[in-house]
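# Results of the structural survey
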Amino acid sequence: MWPAIDTGWRERLMRALPVSEVWGIASRLERRLGGHGVLTVWDLATVDPAHIRTLFNVVVMRTALELCGIACIGPEEDHTGKKQQIIASRSFSEKVTSTVIMRQALSIYAQQAATRLVKHSQVAKTLTAFAGTSHWAQDKHHPTITVRLPFPTADPVELTRAAHRLLPQIVEGARYARAGLLLTDLTPAGAQLPFEIFRSRHEDVGIATVIDRVQKRTGKNSLGLGYGGFRPGPSWQMKRAMLTPRATTHWAELAAVRA
């Protein structure tokens, strides 16, 4: 509808409207633009785009070009059904005080994160591992590390190795109340296939999928990967004895009635 408006009327309207009427120009940016003489929509449409980029950023430059009728802002990508990030984290039921136990916790979280990636047909490029004592602890300690993976992956072995890079920061004897992993830079699986020499053989055989299927049939503590495969379940995991029965979604938890 806007391109169909007469050029003369369009110019009059743009001269009359303040620059804040443009989508994306908030009050703070409006004041900064005003400091450079850009007060109306017309001013922004006729300013030198290269100069605007130098003073502000490429987003403002693209907005100015759009006002000139130059299409440079594509439609927003549809993220429906896609995860932007995946978090595997829990508070411990009892404090973790050793590197050995923290290694196990990080291994289990990496395994869980890999399963979620496979579920959503995605791979991750960046992993952040973190741990922390209670906010009320006298000696607070919150180590964290961000690892750029060598290639986008959902391989639990690769994710576990990356998560374990947090361990040198763990202080023996500190009472950690929580730990976890954050996966970001997610992309659809198969969109960027690495060269054969960089591919993980573990990912090719679908270890994450196999572990998930076995656990669903025989229980979460029946099978694990490496340090995350100990049985019985770790004592630091959240206590679920008082968990409300899930009779509507789990056959094993249906209420039994005897007459």
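Above: the structure in question.
Residues numbered from 1 in each chain as written. Predicted model: local features only at pLDDT ≥ 70, side-chain atom pairs only at ≥ 80, totals over all residues. Heavy atoms only, no water.

## Notes on the side chain of E158
Among the secondary structure elements, E158 is positioned in helix α7 (residues 156–163). For E158, which is buried and forms no salt bridge, the nearest opposite charge comes from R161, at a distance of 4.0 Å. (Helix = DSSP H or I, 4+ residues; strand = E, 2+ residues; numbered from the N terminus. Buried < 20%, exposed > 50% of the residue type's maximum accessible area, 1.4 Å probe, protein only. Lys, Arg positive; Asp, Glu negative; His and termini not counted. Salt bridge = Lys/Arg side-chain N within 4 Å of Asp/Glu carboxyl O.)

## Details of the pattern of salt bridges
All chains considered together, the criterion is met by two salt bridges. Two residues, R15 and E11, come together in a salt bridge whose shortest N-O distance is 3.0 Å. Separated by four residues within a single helix, R15 and E11 lie in helix α1 (residues 7–16), roughly one turn from each other. We classify R15 as partly exposed; its relative accessible area is 47%. For E11, a relative accessible area of 28% gives the class partly exposed. Across the salt bridge formed by D185 and R148, the nearest N and O atoms sit 2.4 Å from each other. With a gap of 37 residues between them, D185 in the loop between β4 (176–184) and β5 (187–188) and R148 in strand β3 (residues 144–153) connect regions that are remote in the sequence. Judged by its relative accessible area of 51%, R148 is exposed.

## Things to note about the packing of aromatic side chains
Under the criterion given, the structure shown has zero aromatic pairs. For the cation-ring pair, R12 lies above W9, with the distance from its terminal atom to the ring centre recorded as 4.8 Å. (Phe/Tyr/Trp six-rings, centres within 6.5 Å; stacked < 30°, edge-to-face > 60°. Lys NZ or Arg CZ within 6 Å of the ring centre and 35° of its normal.)

## A word on unusual backbone geometry
A positive phi angle, close to 55°, is found at S121, a residue other than glycine. Looking at where S121 falls in the secondary structure, it is placed in the loop between α6 (99–119) and β2 (122–133). The class for S121 is partly exposed, based on a relative accessible area of 46%.

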